[in-house]
Amino acid sequence: MQTSITERQARHPDAQIAEDILRTCVHCGFCNATCPTYQLRGVEMEGPRGRIYLIKALLEDQISHSDSVVDHLDNCLSCLACETTCPSGVRYSHLIDSARSRIEEQHERSFSGRMQRKLLAKLLPNPKLFRTALRLGQMAKPFAFLMPSMQREMLARIPYRIPRPSRLDRPGVREAEGERRARVSLLTGCAQKVMGPAINDATLRLLARLGCEVVLPAGLGCCGALVYHMGNHEDSLPAMKQNIDRWHAEMENGGLDHIVINTSGCGVVVKDYGHIFRNDPAYAEKAARVSSITRDVSEVVSQLGLGSRAAASTSGMRVAYHDACSLQHGQKVRAEPRALLKVAGFEVLEIPDGHLCCGSAGTYNLLKPGTAGELGRMKAEAVASVEPQVVAMGNIGCMEQIAAYLPIPVVHTVQLLDWATGGPKPRGIP
Ligand code: SF4
Ligand code: SF4
């Protein structure tokens, strides 16, 4: 694709990257076939090729950041199905991230839109604030009918039962059981700590059982993804830098074999820290080192192997495995979770149209509840069609989204692996 980026747009730090990516696109449109929003709407500007044209026209100042242009780009889930499909290797993820950053700089959103984004950016990465907000939201639930649709949707997402915080995922060192085979650090996360503390508990038990010493450095926090993907790149950097500093210090002192991530939406961004900080002389090298040892929990457990630990009690349970987009498209991890579940004695069922996003997509289901709801219902129907006893996946966002539409237990893959190797049965499984 030929480009002629204007001098004004070329001043943006991501302009060169965006131009390089645009030039790799050959307009073939193969990507439209797997794009959820194109499948729903059938409109060119609601597919990746159309969005790429829009981003090009914005960079060339042929069009402005009008409400309708911004809406087409906001409607993108960042699911990256297009990246998996593209035969030319277009890095759509970096292109849409840079476009989002320019939107926040050059487009004036409505007052309510700005407030909603600010609120999400403030609350979700901070477990204490998020927990308090959920409690207040629980009290406001009976009055939801008085509120605008967006706020109603946010309240509907608040569970009636908020789990107690984990007692295992506090800063410190968790010893390996038996001989130490690896020294790793676990990102305990932010929103997941509040919505699904059982996931970190299961991960810590499983890693220790497989011979990992797990380091939880004080000061680790949100990976920055939630704010970064909303386009507020500058605001997301302090949290990323804090994590990089903590992990780098640990790498220098005790040494780390892996940084383990059990929320695939976070994994994509931590694996991308090296790219995000490529032009920062103080952080480029440290960030690249952090990214180079970051793995999804399923990758680490696969490497360690479950061995002969799998219990007979789980034998034959029918598990529908849902590929989170951030795991299958963002990190290209598909085989490991399936293989582990099979070794652990589960029957793994394939969900039809598994490449399609469930509509969760970080904050998307709160910002775009209509489209997210359509995709959530479609995903729930696809899952139900294979008649599973339980649904497993590697991302808390997908878990919350799918559970909202499906009356079947929804768990994280590590919860099943932990159960199969001696841990407690995950809540909700009969
Ligand atoms: S498949 Fe790739 S090359 Fe073809 S239009 Fe989509 S992004 Fe461009
Ligand atoms: S990231 Fe997903 S929603 Fe966005 S253009 Fe690509 S396939 Fe479509």
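As the structure is a computational prediction, the values presented were derived from the model and not from experiment.

**Student:** I would appreciate a short explanation of the overall build of the protein in the present structure.
**Tutor:** Of regular secondary structure, the protein possesses 24 helices and nine strands. Against the globule reference of 22 Å for 430 residues, the protein gives a C-alpha radius of gyration of 21 Å, in line with a compact fold. Dimensions of the protein along its principal axes, counting C-alpha atoms only, are 65 × 50 × 45 Å. Evaluated residue by residue, the protein yields a buried proportion of 47% over its 430 residues.

**Student:** Mind showing me how you'd approach the domain arrangement of the protein here?
**Tutor:** Frequently, the measure chosen for interface size is the accessible area that the parts lose on association. Here the protein is partitioned into domain 1 (7–106), domain 2 (111–156), domain 3 (172–301) and domain 4 (307–420). On a C-alpha basis, the centres of domain 2 and domain 3 stand 27 Å from each other. Each partner contributes to the interface: domain 2 provides nine residues, whereas domain 3 provides 12 residues. For the side of domain 2 that touches domain 3, the elements supplying multiple residues, two or more each, are helix H8 (111–123) and helix H9 (127–140). Ranked by the residues each element gives to the side of domain 2 that touches domain 3, the list is headed by H9, at four residues.

**Student:** Help me out: how do you make sense of the packing of helix H12 (residues 197–209) against helix H24 (residues 413–420) in this one?
**Tutor:** In contact at an axis separation of 8 Å, H12 and H24 are set at 45° when each is read in the N-to-C sense. Judged on the interaxial angle alone, H24 and H12 are oblique. Between H12 and H24 lies a crossing whose hand is left-handed. Taking contact as the criterion, the partners of Ala198, Ile199, Ala202, Thr203, Arg205 and Leu206 in H12 are, on H24, Val414, Gln415, Leu417 and Asp418. When the residues that make up the contact of H12 with H24 are grouped by side-chain class, the tally is six nonpolar, two polar and two charged.

**Student:** How should I be thinking about the site of ligand 1 in this particular structure?
**Tutor:** If you check the shell around ligand 1, you find 15 residues, and the closest are Cys25, Cys28, Cys31, Cys86 and Val90. Going through the elements one at a time, helix H4 (48–59) and helix H6 (81–85) are the ones with two or more residues in the shell around ligand 1. Residues of the shell around ligand 1, tallied by class, amount to 10 nonpolar, four polar and one charged.

**Student:** Please clarify how the site of ligand 2 should be interpreted in this entry.
**Tutor:** Around ligand 2, the surrounding shell holds 13 residues, and the nearest of these are Cys35, Pro48, Cys76, Cys79 and Cys82. Across the shell around ligand 2, the residue classes break down as 10 nonpolar, two polar and one charged.

**Student:** Would you explain helix H5 (residues 67–74) in this entry?
**Tutor:** In an α-helix, one turn spans 3.6 residues; hence positions three or four apart end up facing the same way. Inspection of H5 places Val69, Val70 and Leu73 among the buried residues, and these make up the whole buried set. Looking down the long axis of H5, one finds its buried residues gathered within 95° of arc, a one-sided arrangement. In this structure, H5 carries Asp67, Ser68 and Asp71 as exposed residues pointing more than 90 degrees from its buried face.

**Student:** Would you mind going over the sheet that holds strand E8 (residues 390–393) with me for this structure?
**Tutor:** The strands that make up a sheet are held in pairs by hydrogen bonds between backbone atoms, and each pair lies either parallel or antiparallel. Here we have four strands laid out as an open sheet, ordered E7-E6-E8-E9, and parallel in their pairing. The two strands at the open ends of the sheet, each matched to only one other strand, are strand E7 (347–350) and strand E9 (410–412). Across the sheet, the axes of successive neighbouring strands diverge by a mean angle of 40°, strand direction being ignored. Here strand E6 (residues 318–321) pairs with E7 via four bridges, running parallel. Bridged to Val319 within E7 is Val348. Packing against the sheet, H24 makes contact with E6, E8 and E9, and its axis sits at approximately 80° to E9.

**Student:** Sorry if this is basic, but what is going on with the pairing of strand E4 (residues 258–261) here?
**Tutor:** In regular strands, side chains alternate between the two faces of the sheet. With burial as the criterion, each face of E4 is covered, one bearing His258 and Val260 and the other bearing Ile259 and Ile261. Looking at chain direction, strand E2 (residues 182–187) and E4 are connected through four bridges and run parallel. Across the sheet, Leu186 pairs through a bridge with Val260, a residue of E4. Summarising the sheet, E4 and strand E5 (residues 294–296) pair through three bridges and their orientation is parallel. Each residue of the ladder has a partner; that of Ile259, found in E5, is Thr294.

**Student:** Would you take a moment to explain the sheet that holds strand E1 (residues 172–174) for this structure?
**Tutor:** If you trace the five strands from one edge of the open sheet to the other, you get E1-E3-E2-E4-E5, paired in mixed fashion. Strands at the two margins of the open sheet, each flanked by one partner only, are E1 and E5. The sheet shows a mean angle of 30° between the axes of neighbouring strands, direction not considered. Here three bridges tie E1 to strand E3 (residues 212–216), and the two strands are oriented antiparallel to one another. The partner of Gly172 across the bridge, within E3, is Leu216. Each of E1, E2, E3 and E4 is contacted by H12, which is oriented at about 140° to E3, the strand it contacts most.

**Student:** Whenever I open this one, H12 confuses me. Can you help?
**Tutor:** Look at H12: 19 Å from first C-alpha to last across 13 residues, which is about the 18 Å you get at 1.5 Å a residue. The buried fraction of H12 amounts to 10 of the 13 residues, a majority that puts the element mostly inside the structure. Regarding H12, the residues found buried are Pro197, Ala198, Ile199, Asn200, Ala202, Thr203, Leu204, Arg205, Leu206 and Leu207. Two residues or fewer past H12, Gly211 is found with a positive phi of approximately 95°.

Parameters and conventions
- Residues numbered from 1 in each chain as written.
- Chains lettered and ligands numbered in written order.
- Predicted model: local features only at pLDDT ≥ 70, side-chain atom pairs only at ≥ 80, totals over all residues.
- Helix = DSSP H or I, 4+ residues; strand = E, 2+ residues; numbered from the N terminus.
- Rg over C-alpha atoms; globule rule 2.2 N^0.38 Å.
- Buried ≥ 20, exposed ≤ 12 C-beta atoms within 10 Å, placed from the backbone.
- Domains from an automatic or database assignment.
- Contact = placed C-beta atoms within 7 Å.
- Axes fitted to C-alpha atoms, helices over the stretch in contact; angles between N-to-C directions.
- Parallel < 35°, antiparallel > 145°, perpendicular 65-115°, else oblique.
- Left-handed = near helix turned anticlockwise from the far one by under 90°.
- Nonpolar A, V, L, I, M, F, W, Y, C, P; charged D, E, K, R; others polar.
- Near = placed C-beta within 6 Å.
- Arc of directions from axis to C-beta.
- Pairing = 2+ DSSP bridges.
- Expected span 1.5 Å × (residues − 1).

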